[in-house]
Amino acid sequence: MNALTKQRDRFAETDVDDEIVLMRLDNGEFFSMAGTAAATWRLIDGKRDRAGLVAALFETFGGDTAAMAADVDAFLDALREMGLIAID
Amino acid sequence: MPAASLNQLVLGSSPGASTTFSLILKSPDCSVRQVMSKSPAELMLERETRVTYGPVPDRLLANAVAEQNWQMSGGEFLLRAEGDYYFYYRPGVGVTVHRGDGADTSEESLWLNGSVYAAVASLNGLLPIHASAVAFNGAVFAFTGPAGAGKSTLVAALGRCGLPMFCDDTLVLDLSNPEQLQCLPGHKRLKLRPDSFELTGAAKEERVSRTYDKNYAAPPAGTVSTSLPLAELIFLDEARVPAIAQISGSERFVRMEDEHQTRYLFEAARQFSLSEHFEHRARLARQMDMWRFERPRDANKFEEGVALVAHHVVSHGSGGS
């Protein structure tokens, strides 16, 4: 199992209404996450792996598991490229 | 399931409860005639912005400050107007003005009440924002937007609806209470362009300066001079039909990225790290109830927009939604 872990020394975050606003501490770039992106981010807890993440999202949102897995992969790739998460 | 999204926002890169006390003024016959309350922040700002005249340094950094420019260093602020004309702030001393030969003193109050005041506020932990405001039911409704957006004009027009002015052009926020944004009463007189007098019917007073095409105006419902909590920050936008809508989520972060001089002064004064900058913005985004007031820039629609805003202020200030 490869748990997904947030790299907490690389960003600052806050909730604003239903959204999450996040800033990279290396360059000051801001990002917002809403809806399923925010839900996915909140589920990254240092314990779940990709499969656990997809299962938890499916439990909440339902829908097409394959499409959901593809969306999650793309999202995790973006987070990893920015150094915001790591896979143990 | 909709595609997960991660949208980039277009952005750049003292605790303790505030207390107030009462100052009782006595008339010459010693009967108490007026009770004023001033917060520690107001008293501090009054003290730190007191003006004297005398010699000042020509620089705070390695190079002399250029005309129409400013420097900030070690808690001090130095602004140079045109020619040999300087404004120098030093903590605990206040503001010293040096008027050299040829100094155009007709704009001195504009400098003192504008950039100098905002810099002194910022250096002392207060947050000046580019806004004009009215007060209703013990709270402040502030209007913000770029220069020329109509902030002062709207405040003047709302005065006709019985809403007193709280400030014009600069709203100073006391951040010392982590639970609440407290507004310090305005230090500037209301200024309007010639066409705004026609729109609002405000009483015209003297011209602001030789080179500035505005006149002072008497706020129709008077002014409020006590510190009050911020109720709402309302952004002035253009649209075809007048409307008011709440701003939520990450747009609150974007909206606070005002390109006004006050923001640059505050950031220079606070010298925040990236994470401190984020925390500051996060606090404002969480604690400011933000709205947008959309309206056409059309004189024929002006009254409709003013009525809409007046109704909004009164209903929200009365606890409605």
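What counts and how
Residues numbered from 1 in each chain as written. Chains lettered and ligands numbered in written order. Predicted model: local features only at pLDDT ≥ 70, side-chain atom pairs only at ≥ 80, totals over all residues. Helix = DSSP H or I, 4+ residues; strand = E, 2+ residues; numbered from the N terminus. Buried ≥ 20, exposed ≤ 12 C-beta atoms within 10 Å, placed from the backbone. Domains from an automatic or database assignment. Contact = placed C-beta atoms within 7 Å. Arc of directions from axis to C-beta. Core = buried A, V, L, I, M, F, W, Y, C linked by C-beta atoms within 7 Å. Pairing = 2+ DSSP bridges. Axes fitted to C-alpha atoms, helices over the stretch in contact; angles between N-to-C directions. Parallel < 35°, antiparallel > 145°, perpendicular 65-115°, else oblique. Left-handed = near helix turned anticlockwise from the far one by under 90°. Nonpolar A, V, L, I, M, F, W, Y, C, P; charged D, E, K, R; others polar. pLDDT = per-residue confidence, 0-100.

**A look at the overall build of chain B**
Phase 1: Secondary structure summary: chain B contains eight helices and 19 strands in total.
Phase 2: Going through the 321 residues of chain B one by one, you find that 35% of them count as buried.

**Regarding the domain arrangement of chain B**
Residue and element names in this part refer to chain B.
Phase 1: Taken domain by domain, chain B holds domain 1 (36-124) and domain 2 (125-321).
Phase 2: Between the C-alpha centres of domain 1 and domain 2 there is a distance of 24 Å.
Phase 3: Counting residues at the interface gives 18 residues for domain 1 and 25 residues for domain 2.
Phase 4: If you list the elements that add at least two residues to the side of domain 1 that touches domain 2, you get helix H1 (40-48) and helix H2 (108-123).

**Concerning helix H1 (residues 35-43) of chain A**
Residues and elements named next belong to chain A.
Phase 1: Thr36, Ala37, Thr40 and Trp41 are the residues of H1 that are buried. Down the axis, H1 shows its buried residues gathered within 140° of arc, on one side only.
Phase 2: On the buried face of H1, the contacting elements are strand S3 (19-24), strand S4 (30-33), helix H2 (50-61) and helix H3 (65-81).

**Here's the deal with unusual backbone geometry**
Residue and element names in this part refer to chain B.
Phase 1: For Gln68, which is not a glycine, the phi torsion comes out positive at approximately 55°.
Phase 2: You can see Gln68 is positioned in the loop between strand S4 (51-53) and strand S5 (69-73).
Phase 3: Residue classification places Gln68 among the exposed residues on the basis of 9 C-beta atoms within 10 Å.
Phase 4: Backbone geometry at Gln271 places phi at a positive 50°, although glycine is not the residue there.
Phase 5: Inspection of the secondary structure assignment puts Gln271 in the loop between helix H6 (261-270) and helix H7 (274-287).

**With respect to the nonpolar core**
Nonpolar side chains tend toward joint burial in soluble globular proteins.
All names here are of chain B.
Phase 1: Membership of the largest hydrophobic core comes to 93 residues, with the highest contact counts inside it found for Ala119, Val120, Ala133, Val134 and Ala142.
Phase 2: Per element, the largest residue contribution to this core is eight residues, and it comes from strand S9 (residues 126-136).
Phase 3: Residue-level mapping places this core at the junction of two domains, with at least three residues from each of domain 1 (36-124) and domain 2 (125-321).
Phase 4: Sequence-distant contacts of Val134, defined by excluding residues within four places in its chain, comprise Phe141, Val155, Leu158, Leu163, Pro164, Met165, Phe166 and Val313.

**Here's the deal with H1 of chain B**
Phase 1: What H1 of chain B keeps buried is the set Ala41, Glu42, Leu45 and Glu48 of chain B. Here the buried residues of H1 of chain B occupy an arc of 135° about the axis, which is enough to place them on one side.

**So, the sheet that holds strand S14 (residues 191-192) of chain B**
Phase 1: Strand order in the open sheet made by the three strands is S14-S16-S15 (chain B), with antiparallel pairing throughout. The open sheet has two free edges, formed respectively by S14 and strand S15 (203-209) of chain B, since each of these has just one partner strand.

**Quick word on the sheet that holds strand S6 (residues 76-80) of chain B**
Residues and elements named next belong to chain B.
Phase 1: Reading across the sheet, the five strands line up as S4-S8-S7-S6-S5 and stay open at both edges, with mixed pairing between neighbours. Because the sheet does not close on itself, it has two edges, and the strands there are S4 and S5. Ignoring strand direction, the axes of neighbouring strands in this sheet form an average angle of 20°.

**Some details on the packing of H1 of chain A against H2 of chain A**
Residues and elements named next belong to chain A.
Phase 1: Two elements in contact, H1 and H2, have axes whose closest approach is 10 Å; the angle formed by their N-to-C orientations is 135°. One finds that H1 runs oblique with respect to H2. Helix-helix and strand crossings are classified by hand; for H1 and H2 the assignment is right-handed. Taking contact as the criterion, the partners of Thr36, Ala39, Thr40 and Leu43 in H1 are, on H2, Leu53, Ala56, Leu57, Thr60 and Phe61.
Phase 2: A breakdown of the residues in the contact of H1 with H2 according to their chemical character gives six nonpolar, three polar and no charged.

**A word on the pairing of S5 of chain B**
Residues and elements named next belong to chain B.
Phase 1: Summarising the sheet, S5 and S6 pair through five bridges and their orientation is antiparallel. Within S6, the position partnered with Gln71 by the bridge is Leu78.
Phase 2: Counted along the chain from S5 to the antiparallel partner S6, the turn is two residues long, and its residue Gly74 has a positive phi close to 55°.

**Remarks on the pairing of S6 of chain B**
Residues and elements named next belong to chain B.
Phase 1: Judged by how many residues are buried, S6 sits mostly within the fold: four of five residues are covered.
Phase 2: Bridge analysis of S6 against strand S7 (residues 85-90) gives four bridges, and the strand direction is antiparallel. Along S7, the bridge assignment pairs Leu78 with Tyr88.
Phase 3: Joining the antiparallel neighbours S6 and S7 is a turn of four residues, in which Gly83 adopts a positive phi near 70°.

**With respect to the confidence of the model for chain B**
All names here are of chain B.
Phase 1: Looking at chain B, pLDDT values average 86 and 88% of them are 70 or higher.
Phase 2: Here residues 1-35 is modelled with pLDDT under 50, and outside its nearest four sequence neighbours on either side it reaches 70 contacts, counting other chains as well.
Phase 3: Overall fold confidence for the complex sits at a pTM of 0.86, while the interface term, ipTM, reaches 0.86.

**Some remarks on the environment of Trp111 of chain B**
Phase 1: Inspection of the secondary structure assignment puts Trp111 of chain B in helix H2.
Phase 2: Sequence-distant contacts of Trp111 of chain B, that is, excluding residues within four places in its chain, are made with Leu79, Ala81, Phe87 and Val116 of chain B.

**Concerning the environment of Asn215 of chain B**
All names here are of chain B.
Phase 1: Topologically, Asn215 is positioned in strand S16 (residues 212-218).
Phase 2: Separated by 22 residues in sequence, Asn215 and Arg193 have C-alpha atoms that sit 6.5 Å apart.
Phase 3: With near-sequence residues (within four places) excluded, Asn215 lies in contact with Leu192, Lys204, Glu205, Glu206, Arg207 and Val208.

**Details of the packing of H2 of chain A against H3 of chain A**
Residues and elements named next belong to chain A.
Phase 1: Direction vectors running N to C along H2 and H3 enclose 125°, while the axes themselves pass 10 Å from each other. Relative to H3, the element H2 is oriented oblique. The hand of the H2/H3 crossing is right-handed. Of the residues in H3, those touching H2 at Arg50, Leu53, Val54, Leu57 and Phe58 are Thr65, Met68, Ala69, Val72 and Leu76.
Phase 2: Partitioned by chemical class, the residues of the contact of H2 with H3 number eight nonpolar, one polar and one charged.

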